[in-house]
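Chain residues, written in single-letter form:
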Amino acid sequence: MKKPLYVTKSFLPPLNEYTELLKDIWKSGVLTNDGKYLKLFEKKLRKNSGCKYALCVSNGTLALQLALRSLKINGEVITTPFSFIATASSIIWEHCKPVFADIEPDTFNIDPFKIQRKISSKTKAIMAVHVYGNPCNISEIQKIANEYNLKVIYDASHALGINYKNKSLFYFGDISTTSFHATKIINTAEGGALFTNNNNIANEIRLKRNFGYENYVIRSLGVNAKMSELNAALGIAEMKYLSVNLTKRKKVFLLYKKLLLSNEFIKYQKFNAEQNYSYFPVLFSTKSLKEKVVNKLNKEHIFPREYFSPSLELVFGSKITCPVTYDISQRILCLPLSFHITVSQVKRVCNIVNKVSGV
Ligand SMILES: Cc1ncc(COP(=O)(O)O)c(C=O)c1O
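Predicted, not measured: the structure shown is a model, and the values here were computed from it.

1. Here's the deal with the overall build of the protein
Along its length, the protein carries 13 helices and 16 strands. Compactness check: the protein gives a C-alpha radius of gyration of 21 Å against a globular reference of 21 Å for 359 residues, within 12% of the reference. Projected onto the principal axes, the alpha-carbon positions of the protein cover approximately 65 × 55 × 35 Å. When each of the 359 residues of the protein is scored for burial, the buried share is 47%. Taking the contacts inside the protein whose residues are at least 6 apart along the sequence as the reference set, 70% of them involve residues at least 24 apart.

2. Let's talk about helix α10 (residues 287–299)
Counted at 1.5 Å a residue, the expected span for α10 with its 13 residues is 18 Å, and the 18 Å between its end C-alpha atoms agrees. Contact partners of the buried residues in α10: β14 (280–284), β15 (302–303), α12 (323–331), β16 (332–335) and α13 (343–357). Of the residues flanking the end of α10, it is H301, one or two places downstream, whose phi is positive at about 65 degrees.

3. Some points on the site of the ligand
In the region of the ligand, 13 residues are neighbours, and G60, T61, F84, S157 and S179 sit closest. Of all the elements in the fold, those that place two or more residues in the shell around the ligand are α3 (60–70) and α4 (85–93). Of the residues belonging to the shell around the ligand, the class tally is 3 nonpolar, 9 polar and 1 charged.

4. Topic: the sheet that holds strand β5 (residues 123–129)
An order of β2-β10-β9-β6-β5-β3-β4 is seen for the 7 strands of this open sheet, with the pairing classed as mixed. The sheet is open, and its two borders are formed by β2 (53–57) and β4 (97–100), each paired with just one other strand. Taking the axes of each pair of neighbouring strands and ignoring which way they run, one obtains an average angle of 25 degrees across the sheet. Of the pairings in the sheet, the one linking strand β9 (residues 175–179) to strand β10 (residues 192–196) comprises 4 bridges and is antiparallel in character. Paired with S176 across the strands is F195, a residue of β10. The sheet contacts of α3 involve β2, β6 (151–155), β9 and β10, and relative to β9 the element is tilted by about 165 degrees.

5. Overview of the packing of helix α2 (residues 36–49) against helix α8 (residues 229–239)
Where α2 contacts α8, the axes come no closer than 8 Å and their chain directions differ by 40 degrees. Considered as vectors, α2 and α8 are oriented oblique to each other. The interaxial crossing formed by α2 with α8 has left-handed handedness. Contacts between α2 and α8 involve Y37, L38, L40, F41 and K44 from the first element and E229, A232, A233, G235, I236 and M239 from the second. Here the contact of α2 with α8 is built from residues that sort into 8 nonpolar, 1 polar and 2 charged.

6. Structural notes on the packing of α3 against helix α7 (residues 199–209)
For the pair α3 and α7, interaxial distance at closest approach is 9 Å and the crossing angle is 120 degrees. Here α3 is positioned oblique relative to α7, judged by the angle of their axes. At the point where α3 passes α7, the crossing takes the right-handed sense. Facing α3, whose interface residues are L66, R69 and S70, α7 presents I201, E204, I205, K208 and R209. The class makeup of the residues in the contact of α3 with α7 is 3 nonpolar, 1 polar and 4 charged.

7. Some points on the domain arrangement of the protein
When its domains are assigned, the protein resolves into domain 1 (15–101 + 108–239) and domain 2 (242–357). Computed from C-alpha atoms alone, the centre-to-centre distance between domain 1 and domain 2 is 26 Å. The partner domain 2 presents 24 residues to the 22 residues of domain 1 that form the contact. Taken together, the elements giving at least two residues each to the side of domain 1 that touches domain 2 come down to α4, β4 and β7 (163–164). When grouped by side-chain class, the residues that make up the side of domain 1 that touches domain 2 number 16 nonpolar, 6 polar and no charged.

Procedures and definitions
Residues numbered from 1 in each chain as written. Predicted model: local features only at pLDDT ≥ 70, side-chain atom pairs only at ≥ 80, totals over all residues. Helix = DSSP H or I, 4+ residues; strand = E, 2+ residues; numbered from the N terminus. Rg over C-alpha atoms; globule rule 2.2 N^0.38 Å. Buried ≥ 20, exposed ≤ 12 C-beta atoms within 10 Å, placed from the backbone. Contact = placed C-beta atoms within 7 Å. Expected span 1.5 Å × (residues − 1). Near = placed C-beta within 6 Å. Nonpolar A, V, L, I, M, F, W, Y, C, P; charged D, E, K, R; others polar. Pairing = 2+ DSSP bridges. Axes fitted to C-alpha atoms, helices over the stretch in contact; angles between N-to-C directions. Parallel < 35°, antiparallel > 145°, perpendicular 65-115°, else oblique. Left-handed = near helix turned anticlockwise from the far one by under 90°. Domains from an automatic or database assignment.

What follows is the structure, given as C-alpha cells:
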C-alpha cells in the first residue's frame, strides 16, 4: 500500500542544527519569558519584514485576539467568510461581532466595495485576510478605514516571504498577524507573531501577552500568550532555509500548473504579487467534479483539503449574504504541496485529477 500523501508535511531543519540550539538552552536553563532565542527570532522577523516591531506569541489565533485587544476593539468587525475558522472565532472570543463581507471572485480576498456596504455605526475594525498569501486591495481598504475611522488588522497567516509594493506584506495595517503552525512555510510547531510600526501598540501587545505584567506590576488585563525558547529556536533553525524552501515550492507549483494546463475544468486564483507557493488551490468548474476528484484521491490515499470550506457565515449562522464565498467554498480544493513532495507524487495527483475531469 502506498504511503498516504497529505495536503502538507511540516518542514523541519536538520535535527543536529536544532539540537545545537537546544544544548545551549539546556545550559542556560532559560525556557521562556523573553529569553535569548525569542529575542533573536523577533530580530530576524523584524529584519525580514522591515517592520519596527515583531512580537512572537504561542499561536496565530492568539495573535489575532491580542491584535483586537491591543487596539481596544469592541463592536463590529468586518471580515471575510473565506478563511480559516480562527479569523472569525477570534473576533467572537474577544466579545466582538464578525460582520461578513463577500470576496472578489478572482483574488478570493475580501472585496472593499462589499466592506463599504457592511459598515454601520457599530463598526470598529476591518479584519482582512491575505488569502493563500495573496495581497488584499490594501490601498482601498485603508481608504475606507480612514474615511470611517476604523482600525485595520491583516490576518497574514499565509503571507511569510511575500512582498507587495516593495514592502513585506506584514508591513500593512495597524497590525498584521501571522501563524507559525506546523503546516506553515516556517513553523515553530505552534506559534505566531504580530507586526506593527506603532510603539504604543507594540507596548500594549507586549503587556498583554505576558499576563499584563510590566516590571512585576500588573498594568493591564493580560493573558499568557508567550512563545517558549524551544519554539523560538525551532523558528530560527528554520528561517535559515526560507529561501531554499520557497525555491523548492515554486518548482512544485510550476510542475502542477504544467501538468494541469490542459484541464479546462480548473481555474486559479488571480495573484497580486510574487507568491510564496504555500498552497496549490484549484477551483473546479462544479462542486460535483470536486467531490469526484476528492473521492478518487482519497481512495488512492491522497488527502487534499477543502480549504476554506464551508463559508464561515454558515458556521456561525444560516443566512447566506456572501454568495461568491458560498459558491467558491464549494468548488475549492488545495492539492498537496510541501517542501518534501516528489515529482512522481505530483504526477500521480495530476493524473488522477485529469482522469476524473475527463481530460
Ligand atoms: C488564515 C488563518 N488565520 C489564522 C490561523 C490560526 O493560526 P494558528 O493555527 O497558529 O492558531 C490560521 C491557521 O492555520 C490561518 O490559516
